[in-house]
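Summary of structural features
Next come the chains, spelled out residue by residue.
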Amino acid sequence: QVQLVESGGGLVQAGGSLRLSCAASGGTFSSYDMGWYRQAPGKEREFVAAISGSGGSTYYADSVKGRFTISRDNAKNTVYLQMNSLKPEDTAIYYCNLVPGLPPWGQGTQVTVSS
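Figured I'd write up the structure that's included with this text. (Residues numbered from 1 in each chain as written. Predicted model: local features only at pLDDT ≥ 70, side-chain atom pairs only at ≥ 80, totals over all residues. Heavy atoms only, no water.)

**Section: the sheet that holds strand β8 (residues 78–83)**
Reading across the sheet, the four strands line up as β1-β3-β8-β7 and stay open at both edges, with antiparallel pairing between neighbours. The open sheet terminates on both sides in strands that have one partner only, identified here as β1 (3–7) and β7 (68–73). Along the sheet, successive strands turn relative to each other by an average axial angle of 15°, direction set aside. (Pairing = 2+ DSSP bridges. Helix = DSSP H or I, 4+ residues; strand = E, 2+ residues; numbered from the N terminus. Axes fitted to C-alpha atoms, helices over the stretch in contact; angles between N-to-C directions.)

Structure below.
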């Protein structure tokens, strides 16, 4: 089973940037499509972005398109989420997981954007 550990969250002002990382262990990382998901307080977990195993294809939720960039380094078994032009509504716990985002989930990393 693949183990995933998210990091890189924090507190940032609106308009700022953060880069999240997700380190994977176990399994064949390059064979997995990977995604980032988030859950805001009182809301359901939602899809943010996904990337194919080779890194050649990416997909984004409309709410983050043009501001967030997903990437991966298969040599390091790591997937990233570069978040620019952050908004208060981006505040959430961010999780990485294999696509299509089924349990189990890791602990995630908290992102808080202040206005």
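Back to the write-up after that little detour.
**Let's talk about unusual backbone geometry**
A cis amide bond links Val 99 with the next residue in sequence, Pro 100, at an omega value of 15°. Locating Pro 100 in the fold gives a position in the loop between β9 (92–98) and β10 (109–114). Pro 104 follows Pro 103 through a cis peptide bond whose omega is 5°. Mapped onto the secondary structure, Pro 104 falls in the loop between β9 and β10. Look at Asn 77: it is not a glycine, yet its phi comes out positive at around 50°.

**Here's the deal with the sheet that holds β9**
The sheet built from six strands is open, its strands ordered β2-β10-β9-β4-β5-β6 with mixed pairing. Looking at strand neighbours, the two that pair on one side only are β2 (10–13) and β6 (58–60), the edges of this open sheet. Averaged over all pairs of adjacent strands, the angle between their axes in this sheet comes to 25°, without regard to strand direction. Both strand β4 (residues 34–39) and β9 contribute to a ladder of six bridges, which runs antiparallel. Looking across to β9, one finds that Met 34 is bridged to Leu 98.

**So, the nonpolar core**
Residues Trp 36, Val 48, Phe 68, Val 79, Leu 81, Met 83 and Tyr 94 are the most contacted members of the largest nonpolar core, which totals 27 residues. Contributions of two or more residues to this core are made by β3 (18–25), β4, β5 (46–51), β7, β8, β9 and β10. Here the element with the most residues in this core is β3; it accounts for four residues. When near neighbours in sequence (up to four residues on either side) are disregarded, Phe 68 contacts Arg 38, Val 48, Tyr 60, Leu 81, Gln 82, Met 83, Asn 84, Leu 86, Asp 90 and Tyr 94. (Core = buried A, V, L, I, M, F, W, Y, C linked by side-chain atoms within 4.5 Å. Buried < 20%, exposed > 50% of the residue type's maximum accessible area, 1.4 Å probe, protein only. Contact = heavy atoms within 4.5 Å.)

**Comments concerning the state of the cysteines**
Evaluated as defined, the whole model comprises one disulfide. With a sulfur-sulfur separation of 1.8 Å, Cys 22 is cross-linked through a disulfide to Cys 96. Residues Cys 22 and Cys 96 are joined through a disulfide that is right-handed, its torsion about the S-S bond being 50°. Remark: Cys 96 occurs in strand β9 and Cys 22 occurs in strand β3; sequence separation between them is 74 residues. Residue Cys 22 is classed as buried on the basis of its relative accessible area, which comes to 0%. (Disulfide = S-S within 2.5 Å.)

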